[in-house]
Amino acid sequence: MFVAEKNALSEEIESYVNKYGSDRSALLMILHEIQKKHRHISEFAQQEVARLLNIHPVEVYSVISFFAFLNSNPKGRNLVRVCQTISCDMHGKAGVVQAIERELGIKIGETTKDNKFTVEYANCLGLCDMGPAMAINDQVFLKLTPEKAVELLSKVK
Amino acid sequence: MELNTKKRTGPVIFSEYERGDAIKKAVSILREDILFELKDSKLKGRGGAGFPVSTKWMLTSAAKADEKFLVCNADEGEPGTFKDRVLLMEYPELVFDGMVVGGYTLGAHQGIVYLRGEYEYMLKSLEDYLEEMRKDNLLGKNILGKEGFNFDICIVLGSGAYVCGEETALIESLEGHRGEPRNRPPYPINTGFLGRPTSVNNVETLAAVSHIVLKGGSWFAKFGTDKSKGSKLFSVSGDCEKPGVYELPWGTKISELLKLVEAKNTKAVQVGGASGFCIPKSQFDRKLAYEEVSTGGSVMIFNESRDMLHVLKNFMEFFVDESCGQCTPCRIGNVKLLEGVEMIEKGEYTFSHINKLKDLGRTMQLASKCGLGQSSPNPFISILENFNDEIFNSGNNGGRNVS
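Residues numbered from 1 in each chain as written. Chains lettered and ligands numbered in written order. Predicted model: local features only at pLDDT ≥ 70, side-chain atom pairs only at ≥ 80, totals over all residues. Heavy atoms only, no water.

J.: An account of the overall build of chain A is needed here, citing residue identities and associated values.
T.: When helices and strands are counted, chain A shows 7 helices and 4 strands. For chain A, the α and β elements follow one another from N to C terminus as α-α-α-α-β-α-α-β-β-β-α. With the principal axes as the frame, chain A shows a C-alpha extent of 50 × 30 × 25 Å. The buried share of chain A, reckoned over its 157 residues, is 57%. If you take every contact in chain A between residues at least 6 apart in sequence, the share linking residues at least 24 apart comes to 60%. Carbon and sulfur atoms provide 49% of the accessible area of chain A, an area that totals close to 7600 Å². Here chain A contributes 19 positively and 19 negatively charged side chains, and the mean placements of these two sets differ by 4 Å. (Helix = DSSP H or I, 4+ residues; strand = E, 2+ residues; numbered from the N terminus. Buried < 20%, exposed > 50% of the residue type's maximum accessible area, 1.4 Å probe, protein only. Contact = heavy atoms within 4.5 Å. Areas by Shrake-Rupley, 256 points an atom, 1.4 Å probe, with all protein chains shown as cover. Lys, Arg positive; Asp, Glu negative; His and termini not counted. Charge placed at Lys NZ, Arg CZ, Asp CG, Glu CD.)

J.: Provide a residue-level description of the state of the cysteines, including the pertinent values.
T.: In the structure shown here, the tally under the stated rule is 0 disulfides over all chains. You can see C124(A) has no disulfide; the closest cysteine sulfur is in C128(A), sitting 3.6 Å from it. Relative accessible area serves as the criterion here: at 1%, C124(A) is assigned to the buried category. We note that C154(B) lacks a disulfide partner, and the nearest cysteine sulfur, in C72(B), lies 11 Å from it. (Disulfide = S-S within 2.5 Å.)

J.: Quick one: what's the story with the nonpolar core, residue by residue and with numbers?
T.: Among the nonpolar cores identified, the biggest contains 146 residues, and L115(B) and F151(B) are the most heavily contacted of them. Setting aside residues up to four positions removed in sequence, L115(B) forms contacts with A74(B), L88(B), M122(B), L123(B), L126(B), I155(B), V156(B), L157(B) and G158(B). (Core = buried A, V, L, I, M, F, W, Y, C linked by side-chain atoms within 4.5 Å.)

J.: Break down the interface of chain B and chain A for me, citing the residues and quoting the values.
T.: Contacts between the two partners involve 55 residues from chain B, matched on the other side by 34 residues from chain A. Interface of chain B and chain A: buried area, both sides summed, is about 3400 Å²; carbon and sulfur atoms make up 60% of it. It is E120(B), S159(B) and R178(B) in chain B that bury the most area against chain A; as a group they hold 17% of the surface buried on that side. Taken together, the links from chain B to chain A amount to 2 salt bridges. A salt bridge links R85(B) to D129(A), with the shortest nitrogen-to-oxygen separation between them at 3.1 Å. Those elements giving two or more residues to the side of chain B that touches chain A turn out to be β4 (152–157), α7 (167–174), β6 (231–238), β10 (298–303) and α11 (308–322) of chain B. Each residue belonging to the side of chain B that touches chain A can be placed in one class, and the counts come to 25 nonpolar, 17 polar and 13 charged. (Buried area = accessible area lost by both parts, 1.4 Å probe. Salt bridge = Lys/Arg side-chain N within 4 Å of Asp/Glu carboxyl O. Nonpolar A, V, L, I, M, F, W, Y, C, P; charged D, E, K, R; others polar.)

J.: Any chance you could break down empty space enclosed by the protein for me, citing the residues and the numbers?
T.: All names here are of chain B. Considering all chains together, one arrives at 3 cavities of 30 Å³ or more under this definition. A volume near 70 Å³ is recorded for the largest cavity. Forming the boundary of the largest cavity are V163, P181, S323, C324, Q326, C327, C330, K369, C370, L372 and G373. Per-class residue counts for the lining of the largest cavity are 7 nonpolar, 3 polar and 1 charged. (1 Å grid on protein atoms, 1.4 Å probe; cavity = no way out; pocket = protein on both sides within 12 Å on 5 of 7 lines; lining within 4 Å. Points joined across faces, edges and corners; volume = space filled by probe spheres on them.)

J.: Quick rundown of the layout of surface pockets? Include the residues and the values.
T.: Here the largest pocket defines a volume of roughly 1400 Å³. Around the largest pocket, the lining is made up of 47 residues, and of these G47(B), G48(B), A49(B), G50(B) and G165(B) lie nearest the centre. Mapped by element, the contributors of at least two residues to the lining of the largest pocket are α3 (53–62), α4 (83–90), β5 (198–202) and α14 (371–375) of chain B. Considering only residue class, the lining of the largest pocket consists of 13 nonpolar, 24 polar and 10 charged. Computed from the structure, the second largest pocket encloses a volume of approximately 590 Å³. The wall of the second largest pocket is formed by 26 residues, among which Y20(A), M29(A), C154(B), I155(B) and V156(B) lie closest to the centre. For the lining of the second largest pocket, a count of residues per class yields 16 nonpolar, 4 polar and 6 charged.

J.: Break down the packing of aromatic side chains for me, with residues and values.
T.: For the structure on display, the rule yields 15 aromatic pairs over all chains. Ring plane angle 90° and centroid distance 5.5 Å describe the contact between Y349(B) and F351(B), whose orientation is recorded as edge-to-face. An aromatic cluster is defined as three or more aromatic residues linked by ring pairs; in this entry it consists of Y162(B), F318(B) and F319(B). For the cation-ring pair, R81(A) lies above F69(A), with the distance from its terminal atom to the ring centre recorded as 3.7 Å. Lying over the aromatic face of Y119(B), R116(B) brings its terminal NZ or CZ to 5.1 Å of the ring centre. (Phe/Tyr/Trp six-rings, centres within 6.5 Å; stacked < 30°, edge-to-face > 60°. Lys NZ or Arg CZ within 6 Å of the ring centre and 35° of its normal.)

J.: An account of the pattern of salt bridges is requested, with residue identities and associated values reported.
T.: Counted by the stated rule, this structure contains 33 salt bridges over all chains. E48(A) is the partner of R51(A) in a salt bridge, and the nearest nitrogen-oxygen pair spans 2.8 Å. Placement of the pair is R51(A) and E48(A) together in helix α3 (residues 43–53), with a separation of 3 residues, close to one helical turn. For R51(A), a relative accessible area of 49% gives the class partly exposed. Here K232(B) and E204(B) are joined by a salt bridge, their closest N and O atoms 2.6 Å apart. Of this pair, K232(B) sits in strand β6 while E204(B) is found in helix α8 (residues 203–215), placing the two residues 28 residues apart along the sequence. Neither residue differs from the other here; K232(B) and E204(B) are each classed as buried. Where salt bridges share partners, they join K83(B), D84(B), E204(B) and K232(B) into one cluster.

So, in structure tokens, the structure goes:
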């Protein structure tokens, strides 16, 4: 990481700390902001958060490793989460997943070579009445068919 | 994007209501009066556990502290539950007004909505809504002219952990720790967020509070059964023509609900989500109520074509994924139960081993630290017992019989 990049990231994290406060209770929202922007929370970011909240970096890591939506290693530019819970499962999740895997040439849990997509399973997205459902980044899509799912992916930049 | 699947509005939760009504009423009466109304209403927690709201609020309001908190539990993670999504998107006034009333009653100045990460798409509109409330003086300082009544609400996003729906795990994660449940006691009503008295209430509970304060506890208690007052929002999904959110009075029979949602050839209904119970056809005349078939509102319907072992496997995979790993019965137990399901799937099991696993499940119900491990064996035990014949004794069943 270049020094300029590091400085920019530090400044960014400082702005989150200004927004949410420097108490430890601000940690989750700060991590959420970093994750949203950078799609992962790097070691350097973890150290900066720890410094600004006055806690040990391992404490920050322990929280990241606990939550499914936070990660310390980079993922693809777009995160696709397919709901795997029973209502979506019954309405054709397997076909949707198969189509996505074939189309992107990866297995679920993997990232495409061009780094454009990471595809994962998610537990219940709370859209059981309109399954199968999936989320692309923070948008959700409903009543998918294999064809529709692939079409949605083709529209993502 | 159309997310509205409200299918039936009932006379209680979805009855007429305008923003601020409950707050206006609340600030014109005493805190004690609100507690009495809640007591009369016999409102119980809508998240599933069913703790009386008046008791929780009386204890929290009686606790002495420099600060208290009210937390709205919008970490709706139970598979098959989506009522809070509909409430928050379509009726934010009910939920937020309920929180302000709570703040007044408890003497809290800060309300926190713990919104599950999966619902991030509604964050912006909820925050805009809170901003409007601030403009109308429904939040902020001296709310509606009531001297000294200061209350504000902030929203914190969860990050994809089912266990954070458990109130102490939720508080841990709000404090910036791993979302691992705490030992109870002490309960959050004494030692909650930042060590202060904290009341954690479900979204639907707070919505009900708004109506009760406005229309009275006895009005609310007119609906439902003796032990379960009011109505309940049911999230219906699975094999039926009309999935969605239904408001029905407590005491509705499962068979009545199935008729309403146009479910055909129904074999089983999973009530209460993955951690609930699987009800076979022979018991469809049972009532949905705290005293009979208790639920946080999830109703998943399975028709004759569904393989119940596959359903069970899906649930157990969920629990293996979502166990926080803190206590041994839950961390190891769920893995063992899933392995058992896989053995049955392959036909590589013995009945003595399966019986041992059922015993293990009963041990988990007693020995796990929080509700997750205490309830995760429910589907294992109830599906294997209620669908014993389908799983173990029917002929051409994918090689599941011991040869």
